[in-house]
Amino acid sequence: MNSKAAAYQQLADKNEFVERHATLVKRIAHHLMARLPASVLVDDLIQAGMIGLLEASRNFDGSKGASFETFAGIRIRGSMLDEIRKGDWTPRSVHKNGRAITEAINQVERETGRDARDTDIASKLGVTIESYHQMLNEVNAGKIIGIEDLGVSEDVITPLQDRGSDSPYEDLVQGSFQKALAHTITTLPEREAIVLSLYYDEELNLREIGEVLDVSESRVSQIHSQAMLKLKSRMESWRLNEK
């Protein structure tokens, strides 16, 4: 086969590969859209995801034990998250409120030795319960609150061998973090733990979770935000203790 024919074949193979996995990219894009404001366009996520897909195709090593779909899914989501964060459309007030809620949760749980309830956190912040719930909605809409915000990649439950890490130390740290995170999730109230499971494991969107729990989509958003901010607060304490 001459060089021109080889180039055509390579292009045809790439096009066939992209078409075969386009559904995966679209599914991940629409899943992310469930937690994003209308200013983010699904087409932009899909375009970024396609770039992640092509990068995954170049870097995939089947000997690591992971399936290509698992490997590609991580790269696709990462590429989409990078694209979203480039925009930096989140108002400073949302970042500030997120930090304030995390600190309030931390203070309440240090002082009481129990799980921080909505009313406890609102009282610590000096706001009404309605204002606190609105803050949670804004945090969830204005910023992707995901496992990646806890200090590890979004796919924290993916087996270590799927991550492609060549460093025994990195594997040890990640393994320790995963165990601590898994334990911390068990300390959450049942409803918060269920929302996280349905959202991250079952990949249901907020509306679908609301139908399962018989609550509004807005309430699911609040529960999800509070659960993630609690995890963030508790995992920050774990990291400090590990140093």
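For the structure, see preceding data.
It should be emphasised that the depicted structure is a prediction, and the values quoted were computed from it without experimental measurement.

A. The pattern of salt bridges, seen in detail. Using the criterion set out here, one finds nine salt bridges in the structure. Put simply, aspartate 115 and lysine 230 hold a salt bridge, and the shortest N to O gap is 2.7 Å. One end of the pair, aspartate 115, is in the loop between helix H4 (92-112) and helix H5 (118-125); the other, lysine 230, is in helix H10 (residues 217-242), with 115 residues separating them in the sequence. Between lysine 230 and glutamate 192 there is a salt bridge, with its nearest N and O atoms 3.0 Å apart. In this pair, lysine 230 is assigned in helix H10 and glutamate 192 in helix H8 (residues 190-201), connecting sequence segments 38 residues apart. On the basis of relative accessible area, lysine 230 is assigned to the buried category, the value being 1%. Classification of glutamate 192 by relative accessible area gives buried; the value is 7%. Taken together, the salt bridges that share partners define one network made up of Glu109, Asp115, Glu192, Lys230 and Arg234.

B. Quick peek at the side chain of aspartate 118. Within the fold, aspartate 118 resides in helix H5. Accessibility expressed as a relative area gives 14% for aspartate 118, which makes it buried. A distance of 2.7 Å separates a polar atom in the side chain of aspartate 118 from a polar atom in the side chain of histidine 133. Setting aside its immediate chain neighbours within four residues, aspartate 118 contacts Ile129, Tyr132, His133, Arg219 and Gln226.

C. Helix H2 (residues 42-59), seen in detail. In this model H2 runs 25 Å from its N-terminal to its C-terminal C-alpha over 18 residues, within 8% of the 26 Å that 1.5 Å per residue would give. When we look at burial in H2, the residues that qualify are Leu45, Ile46, Ala48, Gly49, Gly52, Leu53 and Ala56. In an axial view of H2, the angular spread of the buried residues amounts to 165°, which keeps them on one side of the axis. Of the residues in H2, the exposed ones pointing more than 90 degrees away from the buried face are Asp43, Gln47 and Arg58.

D. Just H8, in detail. The terminal C-alpha atoms of H8, which comprises 12 residues, lie 16 Å apart, in line with the 16 Å expected from a rise of 1.5 Å per residue. When we look at burial in H8, the residues that qualify are Glu192, Val195, Leu196, Leu198, Tyr199 and Tyr200. Two residues or fewer past H8, glutamate 203 is found with a positive phi of approximately 60°.

E. Local environment of unusual backbone geometry. Located in the positive-phi region is aspartate 214, a residue other than glycine, with phi close to 60°. Its location among the elements puts aspartate 214 in the loop between helix H9 (206-213) and H10.

Conventions used here
Residues take numbers from 1 onward in each chain, read along the sequence in its written order. The model is predicted, so local features are restricted to residues of pLDDT at least 70 and side-chain atom pairs to those at 80 or more, both for listing and for counting; the totals for chains, interfaces and linings are taken over all residues. Based on all heavy atoms of the structure, the side-chain values leave hydrogens and waters out of the count. The term salt bridge refers to a pairing of a side-chain nitrogen on Lys or Arg with a carboxyl oxygen on Asp or Glu at a separation within 4 Å. Only runs of H or I of at least four residues qualify as helices and only runs of E of at least two qualify as strands under DSSP, and these elements are numbered from the N terminus. The rule is simple: take the accessible area with a 1.4 Å probe, protein chains only, and divide by the maximum for that residue type; under 20% is buried, over 50% is exposed, in between is partly exposed. Whenever two N or O atoms come within 3.5 Å, that pair is a polar contact, provided that in protein one can donate a hydrogen and the other can accept it, and provided that, for residues adjacent in sequence, both atoms are side-chain atoms. Contacts between residues were defined by any pair of non-hydrogen atoms, one from each residue, lying within 4.5 Å. Working rule for helices: expected span equals 1.5 Å times residues minus one. In this description, the arc belongs to the directions extending from the helix axis to the C-beta atoms.

All we've got here are geometric facts, nothing functional implied.
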